[in-house]
Amino acid sequence: MNTHSTASQSKASTAINFPVVGMTCASCVGRVERALKAVPGVADASVNLATERAFVTFSGAPDVAAAVKAVNDAGYTVELETINLSVTGMTCASCVGRVERALAAVDGVEQATVNLATERAQVQVAAGVSPDELIAAVAQAGYEAQTIAADKSDTADQAVRQAAELRSLKKALLVAVCFALPVFILEMGSHLVPGMHALIDRTIGTQNSWYLQFVLTTIVLFGPGLRFFQKGIPALLHGAPDMNSLVATGVSAAYGYSLVATFAPQWLPAGTVNVYYEAAAVIVALILLGRYFEARAKGNTSEAIKRLIGLQAKTARVLRDGKAAEVDIAEVKREDIIEVRPGERIPVDGEVLEGESFVDESMISGEPVPVEKKSGAEVVGGTVNQNGALTFKATKVGSDTMLAQIIRMVEQAQGAKLPIQALVDRITMWFVPAVMTVALLTFLVWLFFGPSPALSFALVNAVVVLIIACPCAMGLATPTSIMVGTGRAAQLGVLFRKGEALQSLRDAAVVAVDKTGTLTKGSPELTDLVLAPGFERAQVLGLVATVENKSEHPIARAIVDAAQQESVPLSTITRFESVTGFGVNADIEGMTVAVGADRYMQQLGLDVAQMAEGAARLGDEGKTPLYVAIDGRLAAMIAVADPIKDTTLPAIKALHELGLKVAMITGDNRRTAQAIARQLGIDEVVAEVLPDGKVAAIERLAAEYGPVAYVGDGINDAPALAAAHVGIAIGTGTDIAIEAADVVLMSGDLGGVSSAIALSKATLVNIKQNLFWAFAYNVALIPVAAGILYPLNGTLLSPVFAASAMALSSVFVVSNALRLRRFTPPLRQADGH
């Protein structure tokens, strides 16, 4: 998209433009224009078929989302630009909502999604919106942002920022603990240790003790605790209070009351002269402790991405001017010739020119078995060469390599916002203001109806409500689980191209699969060679391959390949004849060889009844037998088929164990399809389907069973992948199929489907656990903090306990999400690995 297209703005109107895909004629233009003009607030709309762009003028603030929806509803597609931002300074769900609202308010923004765990924002914009406008909007909201190039990863930079934040928090925590601990001992020790109050009174005196607590607490609040005031007070003044506002307000109330009690006790009613320095100081220390543990845990959530980045080679040995030179990976160009020694990491994607070796590709496929590589084979950057030397030609470098694409896919999925997050967003919009309202009501109720000293009770309980209700856990509940879940999926060779698929895949009721290349290997192989008495395999295979070498038909090529793999030499043909509809015959070194169907053998006067049992078996397997005659004698029966992958049957069993139905959609004839279905235990077969009929088949399956996950690998699978509830592409398939899919299986193994679905279910369960903890914690403890139990049994929460519970809630949520790193796929569980 051209980001430099104009977007003229004035006080009266605003104009935006964006590309529209799918228009073919003037009637399409008219349809799109009418749809846009019907949108409320649109003053004018014009569409250009040649440039495929729509120019829309709004009478006021532009509603890009409504314009995009109108075009989509009209049957066309709007292509918006995605701008990625790194946002720092966010601490809770309220911060996320504030940044999203600031970005959404920028003219030309269709959608803004902010993720607290990744500290990233994905903004969909129409043409003409500058990243600088978005950065300015974030700054106006009180945070800092910078752009991330679409083809770059900022994970390394984020790791540096997280490390710096961790060091800063550790330093602040140590200072806070050192100064808060004496305050806690001086004040709480008097209540907990018999005789300590009298000891303090006899030695330094109560008033001097308060002076000392004042000095120490002031250092804590305006040293390590200053961060809460710097962010919380401006947010409060802007009418968008966040977690920092709650802490700053609660701490200020305790500290301010203590100041009055220390230096102007005459202003307070009799019996209410008490200090709460320890509450203010210890609250800061405990919240910093929670932040420190939370930051440490959050650093672990992006471990999968860090590992992937760590797989990128730093240098490559490139042949230039006949000499091998070690160059920086950024200097490698396409077509460069690269040498890799045993044990070295392959630097970029390429094609092997010389050498033979085995390569560990577990980083992209999740499969531990090394893959053999020789001339013509493809190698992937980041994989490890094992026992041989290879020379290969670079085909993809830099951001085009498979590893770079995998990193981008995982980051995009981790930054996604699942539908379940919408509930959290709606709640957090009013949560903090509601908490402040509850705190105020708590203060007033205790002040007017509480026991003596009412002012002290009112202050302490209001502070407890403010501190215990911080919404950190709410903001982290969903994104941390997404980060860990998608990262674990990447380690297993499953890439979620769209984060939403992580939730929608859980709902799949039926898995529909394409046969060729998904269930099968995708290329015909010689599967059976049944010999008649008196003939040898090498002789027959060599003669048949010699005959078939004249043909480019896939079946013929499979027979020739089988002969080459068994090192059977081909002979010389002196005569060749093709008999249309029957078969072929040839003269080879004095022998006459005929290859064809049973009717051809009958035409030659040969009886195939002696092989009837074998032919029946092949028919049950969905294979069509061919017969070979040599010098007028029936010599063999052969069958060529697209063999089923070894991993297919266990994969289908795993899907059944997850409670899913499995359907096969194929263009093959019904008999062949039914035979394969019987072998594999497939529940339903849709056979003899043309490519454009796959979408209709998916719609029928969805109507009958429920949401459909479709698995395919070819160009003709792209419409079906897009039409399914969730599209899953085999990573060894075509780029078009992968682009149309929501999930990509890098290994080309159907077993990845059960892994993806099981991980989807596990991630959603994990998210629900986190949300339950975050919300149940607040729902249960806010009333207790307000003092609802006091009339029943005299229970009141101390501010120190409130700060501990608040810090614990965030640490619990992140720690619970990290359990997903130990997720084991169903197939590995079944194997005991």
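In this text, all values refer to a predicted model and were calculated from it rather than measured experimentally.

S.K.: Would you mind going over the overall build of the protein chain with me for this structure?
M.R.: Along its length, the protein chain carries 31 helices and 30 strands. Within the protein chain, buried positions represent 53% of all 833 residues. Taking as baseline every contact in the protein chain between residues at least 6 positions apart, the subset at least 24 positions apart corresponds to 68%.

S.K.: How should I be thinking about the nonpolar core in this particular structure?
M.R.: A general trend in soluble globular proteins is that nonpolar side chains are found buried together. Grouped together as the largest cluster of nonpolar side chains are 147 residues, with contacts concentrated most on Leu103 and Leu134. For this core, the element with the highest residue contribution is helix H28 (residues 751-786), accounting for 15 residues. Among residues more than four places away in sequence, those in contact with Leu103 are Leu85, Val109, Ala112, Val114, Ala121, Val123, Leu134 and Val138.

S.K.: Explain the pairing of strand E28 (residues 708-712) to me, please; I cannot follow it from the model alone.
M.R.: Burial of E28 is extensive: five of the five residues sit out of reach of the surface. Burial along E28 is two-sided: the residues Val708, Tyr710 and Gly712 and Ala709 and Val711 are all buried. Both strand E19 (residues 510-514) and E28 contribute to a ladder of four bridges, which runs parallel. By the bridge assignment, Ala512 is partnered in E28 with Tyr710. In this sheet, strand E29 (residues 726-730) lies alongside E28 in parallel orientation, the contact comprising four bridges.

S.K.: Explanation requested: the UniProt feature "transmembrane region" (unreviewed entry) in the protein chain in the structure shown.
M.R.: Residues annotated by UniProt as "transmembrane region" (unreviewed entry) correspond here to residues 172-190, 210-229, 241-263, 275-293, 427-449, 455-478, 771-790 and 796-818. Counted over residues 210-229, helix gives 85% and strand 0%. Its end C-alpha atoms are 23 Å apart. Here residues 275-293 is 89% helix and 0% strand, with 30 Å between the C-alpha atoms at its ends.

S.K.: Help me understand helix H25 (residues 694-705) in this model?
M.R.: Residues that lie three or four places apart on an α-helix share one face, since the helix turns once every 3.6 residues. Over its 12 residues, H25 runs 16 Å from end to end, which matches the ideal 16 Å to within 8%, given 1.5 Å per residue. For H25, the complete set of buried residues consists of Lys694, Ala697, Ile698 and Leu701. When H25 is viewed along its axis, its buried side chains cluster within an angular range of 100° and face the same direction. In H25, the exposed residues that point more than 90 degrees away from the buried face are Glu699 and Ala703. Tucked into the core, H25 has its buried residues touching E19, strand E26 (661-665), strand E27 (684-686), E28 and helix H26 (718-723).

S.K.: Hey, could you run me through the sheet that holds strand E18 (residues 494-496) in this one?
M.R.: Taken together, the seven strands give an open sheet; going across it, the order is E18-E30-E29-E28-E19-E26-E27, and neighbouring strands pair in mixed fashion. This sheet does not close on itself; its edge strands, each paired only once, are E18 and E27. Each neighbouring strand pair of the sheet contributes to a mean axis angle of 20°, computed without reference to strand direction. The sheet contacts of H28 involve E18, E19, E28, E29 and strand E30 (743-745), and relative to E18 the element is tilted by about 50°.

S.K.: Before we go on, may I ask you to explain the packing of aromatic side chains in this structure?
M.R.: Working definition: an aromatic ring pair is given by the centre-to-centre distance plus the angle between the planes. Per the stated rule, a full pass over the model turns up 13 aromatic pairs. Judged by centre distance (5.8 Å) and plane angle (20°), the ring pair of Phe222 and Phe229 falls under stacked. Measuring from centroid to centroid gives 6.1 Å for Phe222 and Tyr255, while their planes differ by 70°, and the two rings are edge-to-face. Taken together, the positions of Phe222 in helix H7 (residues 206-222) and Tyr255 in helix H9 (residues 243-263) put the pair 33 residues apart, joining distant regions of the chain. A relative accessible area of 44% means that Phe222 is categorised as partly exposed. Given a relative accessible area of 9%, Tyr255 falls into the buried group. In this structure an aromatic cluster arises from ring pairing among Tyr211, Phe214, Phe222, Phe229, Tyr255, Phe263 and Tyr277.

S.K.: Would you mind going over the sheet that holds strand E14 (residues 371-373) with me for this structure?
M.R.: For sheets, the rule is that strands pair by backbone hydrogen bonds, running either parallel or antiparallel. Ordered by their spatial adjacency, three strands build an open sheet running E14-E13-E16, and the pairing between neighbours is antiparallel. With partners counted over all chains shown, the strands left at the sheet margins are E14 and strand E16 (384-385), one partner each. Looking at chain direction, strand E13 (residues 357-360) and E16 are connected through two bridges and run antiparallel. Paired with Val359 across the two strands is Asn385, which belongs to E16.

S.K.: Looking at this model, I keep getting lost on the pattern of salt bridges. Mind explaining?
M.R.: On inspection of all chains with the given rule, the structure shows 13 salt bridges. For Arg320, the salt bridge identified is with Asp336, shortest N-O distance 2.8 Å. Of this pair, Arg320 sits in strand E9 (residues 315-320) while Asp336 sits in the loop between strand E10 (323-328) and strand E11 (337-340), and the two are 16 residues apart along the sequence. Put simply, Asp507 and Arg506 hold a salt bridge, and the shortest N to O gap is 3.1 Å. Here Arg506 falls in the partly exposed class, since its relative accessible area comes to 22%. Salt bridges sharing common partners tie together Arg317, Glu326 and Glu344.

S.K.: Would you mind showing me how to read the side chain of Ser258 here?
M.R.: If you trace the backbone, Ser258 turns up in helix H9. Taking the relative accessible area as the measure of exposure, Ser258 reaches 0% and is therefore buried. Those residues within four positions of Ser258 in sequence are excluded, and the remaining contacts are Asn274, Val275, Tyr276 and Tyr277.

S.K.: I keep staring at the pairing of E29 and nothing clicks. Help me out?
M.R.: In regular strands, side chains alternate between the two faces of the sheet. With five of its five residues buried, E29 lies for the most part within the structure. Alternating positions in E29 separate into two faces, Val726, Ile728 and Ile730 on one and Gly727 and Ala729 on the other, with burial throughout. Two strands pair when backbone bridges link them, and E29 and E30 are joined in this way by three bridges, in the parallel orientation. Each residue of the ladder has a partner; that of Ile728, found in E30, is Val743.

S.K.: I tried to follow unusual backbone geometry on my own but got confused; where do I start?
M.R.: Most peptide bonds take the trans form, and the phi angle of most residues other than glycine is negative. Backbone torsion omega between Ser452 and Pro453 reads -5°, so that peptide bond is classified as cis. With respect to the helices and strands, the residue Pro453 is situated in the loop between helix H14 (421-449) and helix H15 (454-468). Of note, Glu335 is a non-glycine position whose phi angle comes to about 80°, a positive value. Turning to its location among the elements, Glu335 is positioned in the loop between E10 and E11. For Ser567, which is not glycine, the phi torsion reads 55° and is therefore positive. Here Ser567 lies in the loop between helix H20 (554-565) and strand E21 (573-579). According to the relative accessible area criterion, Ser567 is exposed, its value standing at 63%.

The rules we used
- In this convention, every chain numbers its residues from 1, walking through the sequence in written order.
- Reporting in this predicted model follows two pLDDT cut-offs: at least 70 for local features of residues, and 80 or more for side-chain atom pairs to be given and counted; totals over whole chains, interfaces and linings ignore these cut-offs and use all residues.
- With hydrogens and water excluded, all non-hydrogen atoms of the structure serve as input to the side-chain values.
- Helix and strand definitions here come from DSSP, where helices need a minimum of 4 consecutive H or I residues and strands a minimum of 2 consecutive E residues; each element is numbered from the N-terminal end.
- Each residue's exposure class comes from its accessible area (1.4 Å probe, protein chains only) as a fraction of the maximum for that residue type: buried when under 20%, exposed when over 50%, partly exposed otherwise.
- By definition in these notes, contact holds between two residues if any of their heavy atoms fall within 4.5 Å.
- The set of buried Ala, Val, Leu, Ile, Met, Phe, Trp, Tyr and Cys residues whose side-chain atoms join them within 4.5 Å is what this entry labels a nonpolar core.
- Each pair of strands is called paired provided DSSP finds at least two bridges between the two strands.
- UniProt positions are given in the numbering used here, feature names are shortened, and annotations may be inferred rather than shown by experiment.
- A helix's residues, less one, multiplied by 1.5 Å, set its expected span.
- Along the arc lie the directions from the helix axis toward the C-beta atoms.
- Note on definitions: angles span 0 to 180 degrees between N-to-C directions of axes, and those axes are lines fitted to C-alpha atoms, for helices only across the stretch in contact.
- Only the six-membered ring of Trp is used, alongside the rings of Phe and Tyr, when aromatic pairs are assigned; centres must lie within 6.5 Å, and planes under 30 degrees apart are stacked while those over 60 apart are edge-to-face, with the rest tilted.
- Think of a salt bridge as a Lys or Arg side-chain nitrogen and an Asp or Glu carboxyl oxygen that are within 4 Å of each other.

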